[in-house]
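# Reading the structure
Here's the letter readout for the chains.
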Amino acid sequence: MKKLVEFEVDIMEAKELPINPELEVNERTKLKKEKNKYFTKLQALLILVATLIISLGGGYYISEQFLWSKTDQARIDQQIDYYQGLVDSEPNNPEHRVNLGYSYFLKGENDDAIRQMKMATDLDSKYFGAYFNLGLVYLDEKRYNDALKQAQKSVELGPRNFKAHLLLGMVYRDLKMYKDANESLKEALKIMPTNTDVITEIGRVAEDQGEYKEAEKFFKEALTYDPLYKPATKGLERIAAKVKDNK
């Protein structure tokens, strides 16, 4: 079991990135808790609590490294067994493949995760969830060019899904393509103007460029929507430390 690093994906601790994200409606006036329609009540018993679930996307991110407890490991193993059973019974169902791959991703077994998600794209070349989650895994692996291809495909398949634009913006940031990152994140913000993941990622783009006051502004804005959102809090702490060091 590896340490789960929000694949530099600071955005998925307070917000859960569903395995197969749904298209979102533009709502600036209220926060909307996202639900994953693909999990039944039985499946929900097998997954980890929301703060342990990664995307990223993103998301898609968790802001601290930590070791899974034995209980959490057991739940992930149960989740893998459950989805493996579904794959065995319906091997040509891409949704089962994505869910199994995502479960492997939670466990830190990225090779198996990638294998399952690539099989899902082979089964359905227009299945958004497969490309989106494959992009998250590649981002975790720091395979940025591969992640970029999957993020671009996600945007192509889901142009009105803010998570696709968010993932693309994250990849661009890691590639230090900051102008492109901001453009993608602005698209995400148009669709979900109050999403803390998107707002915080915009702050990270500013932070990476040394624009600390601008970064601070976005981190604080994210906290106005969710005062307990750790990635934004961590961002403010980093900014404070950097400003102090520069004095």
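Scroll up for the structure.
Anyway, here's the lowdown on the structure attached to this text. It should be emphasised that the depicted structure is a prediction, and the values quoted were computed from it without experimental measurement. (Residues numbered from 1 in each chain as written. Predicted model: local features only at pLDDT ≥ 70, side-chain atom pairs only at ≥ 80, totals over all residues. Heavy atoms only, no water.)

## Description of the overall build of the chain
To keep it simple, the criterion reads: The secondary structure listing takes helices from DSSP runs of H or I that are at least 4 residues long and strands from runs of E that are at least 2 residues long, numbered from the N terminus. A 1.4 Å probe rolled over the protein chains alone gives each residue an accessible area, and that area as a share of the maximum for its type sets the label: buried under 20%, exposed over 50%, partly exposed in between.
Scanning the chain from N- to C-terminus turns up 11 helices and zero strands. Counting from the amino terminus, the chain carries its helices and strands in the arrangement α-α-α-α-α-α-α-α-α-α-α. In the chain, which comprises 247 residues, the share counted as buried stands at 52%.

## Notes on the packing of aromatic side chains
Our working rule: Here a pair means two rings of Phe, Tyr or Trp (six-membered ring of Trp) with centres within 6.5 Å. Their orientation is stacked below 30 degrees between planes, edge-to-face above 60, and tilted elsewhere. Only Lys NZ and Arg CZ are tested; either one counts as a charge over a ring when it is within 6 Å of the ring centre and within 35 degrees of the ring normal.
This structure, assessed with the given rule, holds three aromatic pairs. Ring geometry for Tyr82 and Tyr83: centres 5.4 Å apart, planes at 75°, overall edge-to-face. Its relative accessible area of 25% is what places Tyr82 among the partly exposed residues. A relative accessible area of 1% means that Tyr83 is categorised as buried. A centroid spacing of 6.3 Å and a plane angle of 65° characterise the contact between Tyr102 and Phe105, whose relative ring orientation is edge-to-face. Of this pair, Tyr102 and Phe105 both sit in helix α3 (residues 94-107), separated by three residues, roughly a single helical turn. Its relative accessible area of 2% is what places Tyr102 among the buried residues. Relative accessible area serves as the criterion here: at 0%, Phe105 is assigned to the buried category. In this arrangement the basic side chain of Lys153 is found over the ring face of Tyr131, its NZ or CZ atom lying 5.7 Å from the centre.

## Details of the nonpolar core
Test applied: Residues belong to a common nonpolar core when they are buried Ala, Val, Leu, Ile, Met, Phe, Trp, Tyr or Cys residues joined through side-chain atoms within 4.5 Å. The contact criterion used is simple: two residues touch if any of their non-hydrogen atoms lie within 4.5 Å.
Ranked by size, the top nonpolar core spans 50 residues in total, and within it Phe162, Leu167 and Val171 carry the most contacts. By residue number, the principal contributor to this core is helix α7 (residues 162-174), which donates eight residues. Among all residues touching Val171, those that are not within four sequence positions of it are Leu139, Tyr144, Ala147, Leu148 and Ala151.

## A few points about the pattern of salt bridges
Keep this limit in mind: Salt bridge, as used here: a side-chain nitrogen of Lys or Arg that lies within 4 Å of a carboxyl oxygen of Asp or Glu.
Tallied over the entire structure, the rule returns 14 salt bridges. Of the charged contacts in the structure, one is a salt bridge between Arg173 and Glu201, with a shortest N-O distance of 2.6 Å. Of this pair, Arg173 sits in helix α7 while Glu201 sits in helix α9 (residues 196-208), and the two are 28 residues apart along the sequence. By the burial criterion, Arg173 is buried, and Glu201 matches it. The shortest N-O distance in the salt bridge between Lys242 and Glu207 comes to 2.7 Å. In this pair, Lys242 sits in helix α11 (residues 230-246) while Glu207 sits in helix α9, placing the two residues 35 residues apart along the sequence. When salt bridges that share partners are traced, they join Asp77, Lys107 and Glu109 into one network.

## A word on unusual backbone geometry
For Lys142, which is not a glycine, the phi torsion comes out positive at approximately 65°. Its location among the elements puts Lys142 in the loop between α5 (128-140) and α6 (144-157). The backbone of Lys176 shows a phi angle near 65°, a positive value even though the residue is not glycine. As for its position among the elements, Lys176 is in the loop between α7 and α8 (178-191).

## Considering α8
One full turn of an α-helix is made of 3.6 residues, so residues set three or four places apart face in the same direction. Put simply, the rule reads: A helix is expected to span 1.5 Å for every residue after the first. In this context, the arc is that of the directions from the helix axis out to the C-beta atoms.
The terminal C-alpha atoms of α8, which comprises 14 residues, lie 20 Å apart, in line with the 20 Å expected from a rise of 1.5 Å per residue. Tyr178, Ala181, Ser184, Leu185, Ala188 and Ile191 are the residues of α8 that are buried. For α8, the buried positions fall inside an angular range of 135° around the axis, keeping them on one side. Of the residues in α8, the exposed ones pointing more than 90 degrees away from the buried face are Lys179, Lys186 and Lys190. On its buried face, α8 sits against α7 and α9.

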